[in-house]
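Per-entry structural report
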Amino acid sequence: MRTLRALVVAALLCLLPVLPAHAADLTYDFEDGTAQGWGPRGDGVSVTATADAARTGAGGLAVSGRTATWHGASIPAPFTRGIGYEVTAHARLAAGQPASTIAMTVQRTPTGGATTYERVAAATVTDAGWVRLSGSYLFTAESTDLQLYVESSEATAQYHLDDIVITPLGDPTREPITSDFEDGTAQDWAPRASAVLEPGTAAAHTGTRSLAVTGRSASWDGPALNVLGRMGKGDKYALSVWVRLGPDTASGRLGLSIERRTGGTPSYERIAAPKDVPAGEWVQLSGTYTPAYDVEFLSLYIESESGTFPFYLDDFTMKYVEPKPIETDLPSLKDEVPFTMGSAFTRPETLGTHGELLAKHFDGVTPGNELKWDATEPRDGEFTFTDGDHLVDFATGHGMTIRGHTLAWHSQTPDWVFANATKEVLLERLERHVRTLVTRYKGRIAAWDVVNEVVDENQPDGLRRSQWYEIAGLDFIRTAFRVAREADPDAKLFINDYNTEFPRKREALYNLVKKLKDEGVPIDGVGHQLHLNIEQPPASSVEATIERFASLGVDQQVTELDVSVYTDFVSTYDTIPPELLVQQGHRYKELFDVFRRQAAHLSSVTVWGKSDDVSWLRSWPIPRLNAPLLFDDDLQAKPAYWGVVDPSRLAPLVRKLAAPAGAVKVDGRRDLEWDLLPDSPIARVGDVSAGFQARSAGAGLYVLAEVVDPTVNRDDRVTFTVDGRTRSVGRAGPGVRPTATGYRVEALVGGGTDVEVTVRDRGMEIAWKGEVSAVPAVKRTWAAHRAAPVLDGTVDRAWSAAPEIRTGTWIQGTSGATARVRSLWSGSTLYVLAQVSDPVLSEESANPWDQDSVEIFVDPGNDKTKGYSDDDGQYRVSFSGKVTVGGTFDAAGIRDNVRAVAKVVPGGYVVEAAVRLPTIEMAEGALLGFDVQVNDATGAARTGAVTWNDSTGRSYLDTSHWGVLRLAG
């Protein structure tokens, strides 16, 4: 597709010369032995770079074969509407040619008008010497087919040209571009292929007009805007355009991209990833772009993710972003941590203020994409290292250590690698690739991610079923490490993966590393990709992972750290609330507390990008504003930076905690009531940490503190402060019991909302401070342990053993369809029966959640998080038995876990579902997060929705408000 795209675009769009950064002069001196974009104008004309035509240096342009006055040398004119230019050139006639007038002329066709020819400069020229041509040029009307050419009053005169210079009188790289189409023209937008662009009044974002795009031949076909000369290398630009689907188009996704070419080779980059564009709505596509290459072609374009549907665009803007100087008076991150402080980076980030920020704060770097297989060996045996070399040279020039990322991965590996591959062929290709890369950068790249993301904890053996594994088994891992060690014995070799902070993934990777090391595979270290959010997972999970792998005696590195401000895959902010950035700062603080404590086992921490403007989380999992890194879009320090360097600079963190209605016996024993929710963590200092919960009752607040403190000291105590009233309980006081890791405190304190919990240990204190709000009790039920029922929509006798619960918490409307629900369990499967009262049934809507259906929510670990973990599930069954699965981003890990049937009965329908839960051990007493929702449709709309417990309407995003299901014996 890219090859076809390149051919089509090359035929339709003009190639223009390189424009240096900041719109400096365009100079054509022909010293490289080429015509530098100049070509013949007229049949039979020859335009050749030759030393015989040189005025200065070793090259000039010889023009011959002319048979008409307007014949000569020509280029697509590098002029921008509204910008003035000075144009100079030197001309001389070939020996023996009679004197004639040589002129530089612009041909252009104004939109809606006739082609015009405008004289720029002219002079009488002979063969006796060089003559300078000089003039100025400016055009203001939208025009197409701009050509700058050199002609002669003598139709057959042969002439020479050299030292042509075009000087912008202003700086077009600083001038904004806007397109509102209110003048009834396409305003310099042109089709990429067969698309038809028509300004009109059928739709408009603002004003009365927009640009309609129809007749598209491919997803990449559509409107394009030539911005060569309007963007300076190393400069940052903010771009925005509004789009809307065309007539009779129900859905589609559109994005904003850029094509650049260097040496005739096209490359494509995303500015705004494709977004859903609902029918009838205008959607903004926006992003920033920093050119990082010398180019001969630069074009913005709007494309669809798939399909050739019509659409409209309006209100396009492109503005130069004036960089703020970096804050030079800040402490450098690399000087504030006891390990290498790294950042992922790309070529644009080596330029300007981005490069300055990298050099100041980081002593380690990881090329984000430039060393991956698709970037280094896109075709069999054809290696390219232009970008990789640039980044490695930048890093070594600044004394930085380099991590190579990555040699073998299931993603971003070209299809040819696996095509027709036997195990032997695949391993030969892998060996050649690894040996080539590691040898090239021997002694310069200190550590390699040899294999990346090879673990799948949902598989029985814990291994990802990638094409690598399916063809070569574990031998692809063994081969990659062996060859990398042979190619550079001094480089540290890592296995790298994500979600290692989760116990199941942690153990799967641990077992794999242990097995391979026991075999003698040269694994030096384990890399942990920590793509976290401001809530989850707790820092203690990260620390547990580092401690677990320390027992293997391997080096460890945090390889891809960032902290999203979102806890789910759907929410989005137009402006990120400042309090979230403060919370993020405290989150970085607690994480770096862990890293500092574990520095003996941790040699490097790499953030996945240094500043928010370059974060991958701006486009994944959906396009949205995110701010996950240490510096903001303007490269200024955020609270996240201060969380690493000086937490005392952070604003106080005020946490929020729900206190469900409930009562416990204050005796230091952990009642079942406490297990309905997870403890809110109190960050660890030294060996001391704690968790906290509260329950609201008429008598006040019941409070719990689970303290991890292995050393008994007479000063150990927990102090609860509620609305200024203090209750202090010593380690040997009433309501206190010892635990395997410390002690547990229960107490009943006075009611209130402002709560502080302080844990003291030998003069050191840790604390939780926040607002506690009373909420309804967490509902609970239980599932009977019985033989598996038959899933046929008939209510078997076995269901009578289970208690019945009813949906009665309305989240949409106040009446409508409801359900009576029972649960059983057998083996590793949970069975759910829902008997729905709903006399009128509809599946008219294309959206499954707008159809009459039952949604079953299951959190196997009862983790009560503000997002979904990989094994949490939203299982939806319509009245006709159609099953859809949601919850996690792509539901890949859970979509095969559910079986269900539905049967319409008088007055409603019956759903029987079986949800397999392979990630936990199903046993008596186990607690599951659980809820049920009934959707009530009228026609094509949902008119009512009711749950068992969750009143937030966010069950599809957030597991923290579900009820609890206990497995009975």
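Residues numbered from 1 in each chain as written. Predicted model: local features only at pLDDT ≥ 70, side-chain atom pairs only at ≥ 80, totals over all residues. Heavy atoms only, no water.

Okay, the overall build of the protein chain next. Within the protein chain, the regular secondary structure consists of twelve helices and 54 strands. With the C-alpha coordinates aligned to their principal axes, the bounding extent of the protein chain is approximately 115 × 65 × 65 Å. When each of the 969 residues of the protein chain is scored for burial, the buried share is 55%. On the protein chain, the mean spot of the 95 positive side-chain charges and the mean spot of the 128 negative ones are 5 Å from each other. (Helix = DSSP H or I, 4+ residues; strand = E, 2+ residues; numbered from the N terminus. Buried < 20%, exposed > 50% of the residue type's maximum accessible area, 1.4 Å probe, protein only. Lys, Arg positive; Asp, Glu negative; His and termini not counted. Charge placed at Lys NZ, Arg CZ, Asp CG, Glu CD.)

A few words on the sheet that holds strand β18 (residues 253–262). What the five strands build is an open sheet, ordered β13-β16-β21-β18-β19; its pairing is antiparallel. Every other strand in the sheet has two partners, leaving β13 (189–191) and β19 (265–276) as the edge strands with one partner each. On average, each strand axis in the sheet is inclined to that of its neighbour by 25°, with strand direction left out of account. One ladder, built from three bridges, connects strand β16 (residues 223–226) with strand β21 (residues 297–304); its direction is antiparallel. (Pairing = 2+ DSSP bridges. Axes fitted to C-alpha atoms, helices over the stretch in contact; angles between N-to-C directions.)

So, on to the pattern of salt bridges. Applying the stated criterion to the full structure yields 63 salt bridges. The partner of Glu 259 in a salt bridge is Arg 261, with the nearest N and O atoms 3.0 Å apart. Per residue, the accessibility class of Glu 259 equals that of Arg 261, and both read buried. One salt-bridge network, in which partners are shared between bridges, spans Lys 423, Asp 475, Arg 478, Lys 515 and Glu 519. (Salt bridge = Lys/Arg side-chain N within 4 Å of Asp/Glu carboxyl O.)

Another point: the sheet that holds strand β36 (residues 717–722). With respect to topology, five strands assemble into an open sheet ordered β32-β41-β40-β36-β37, the strand pairing being mixed. The sheet is open, and its two borders are formed by β32 (655–660) and β37 (725–730), each paired with just one other strand. Across the sheet, the mean angle separating the axes of adjacent strands is 25° when strand polarity is ignored. One ladder, built from eight bridges, connects strand β40 (residues 754–761) with strand β41 (residues 764–775); its direction is antiparallel. For Val 759, the partnering residue across the bridge sits in β41 and is Ile 766.

Right, let's talk about the packing of helix α8 (residues 503–519) against helix α9 (residues 539–550) for a bit. Two elements in contact, α8 and α9, have axes whose closest approach is 11 Å; the angle formed by their N-to-C orientations is 15°. In terms of their interaxial angle, α8 and α9 are classed as roughly parallel. Classified by chirality, the crossing of α9 by α8 is right-handed. From α8, Arg 506, Glu 507, Leu 509, Tyr 510 and Val 513 reach across to α9, where they touch Ser 541, Ala 544, Thr 545, Arg 548 and Phe 549. Residues belonging to the contact of α8 with α9 are distributed by class as follows: five nonpolar, two polar and three charged. (Parallel < 35°, antiparallel > 145°, perpendicular 65-115°, else oblique. Left-handed = near helix turned anticlockwise from the far one by under 90°. Contact = heavy atoms within 4.5 Å. Nonpolar A, V, L, I, M, F, W, Y, C, P; charged D, E, K, R; others polar.)

The subject of this paragraph is the nonpolar core. Membership of the largest hydrophobic core comes to 99 residues, with the highest contact counts inside it found for Trp 448, Phe 476, Leu 561 and Phe 595. Tallying contributions element by element places helix α7 (residues 475–487) first for this core, with seven residues. Contacts of Trp 448, omitting those with residues within four sequence positions, involve Leu 371, Gly 404, His 405, Leu 407, Leu 437, Val 438, Tyr 441, Ala 491, Lys 492, Leu 493 and Phe 494. Formed by 38 residues, the second largest nonpolar core is a distinct cluster that contains Phe 181, Val 227, Leu 298 and Leu 313. (Core = buried A, V, L, I, M, F, W, Y, C linked by side-chain atoms within 4.5 Å.)

Further remarks concern the pairing of strand β24 (residues 364–367). The two faces of a sheet get side chains in turn, since along a regular strand they alternate between them. Side-chain alternation along β24 places Gly 364 and Thr 366 on one buried face and Val 365 and Pro 367 on a second face that is also buried. Between strand β23 (residues 340–345) and its parallel partner β24, the chain crosses via helix α2 (residues 352–361), and the hand of that crossover is right-handed. Strand direction decides the pairing type here: β24 and strand β25 (residues 401–409), joined by two bridges, are parallel. Opposite Gly 364, over in β25, you have Thr 401 as the bridge partner. (Right-handed = clockwise from strand over helix to strand, strands pointing away.)

A separate point is the confidence of the model for the protein chain. Scored by pLDDT, the protein chain has a mean of 93; 97% of the residues are at 70 or more. Predicted confidence for residues 1–22 stays below pLDDT 50, and this span has 56 contacts to residues more than four positions away or in other chains. (pLDDT = per-residue confidence, 0-100.)

This part takes up the side chain of Ser 564. With respect to the element layout, Ser 564 can be found in strand β30 (residues 555–564). What makes Ser 564 buried here is its relative accessible area of 7%. In terms of polar contacts, Ser 564 uses its side chain to reach the side chain of Asn 626, at 3.1 Å. If we ignore the near neighbours within four places in the chain, the residues touching Ser 564 are Leu 532, Asn 533, Ile 534, Leu 617, Asn 626 and Pro 628. (Polar contact = N/O pair within 3.5 Å; in protein donor to acceptor, adjacent residues only side chain to side chain.)

This part is about the packing of helix α5 (residues 423–440) against α7. Viewed as axis vectors pointing N to C, α5 and α7 meet at an angle of 30°, and their least axial separation amounts to 9 Å. With respect to α7, the element α5 is oriented roughly parallel. The handedness of the crossing between α5 and α7 is right-handed. Here Lys 423, Leu 427, Leu 430, Glu 431, Val 434, Arg 435, Val 438 and Thr 439 of α5 come into contact with α7, specifically with Asp 475, Phe 476, Thr 479, Ala 480, Arg 482, Val 483, Ala 484, Glu 486 and Ala 487. Grouping the constituent residues of the contact of α5 with α7 by class yields nine nonpolar, two polar and six charged.

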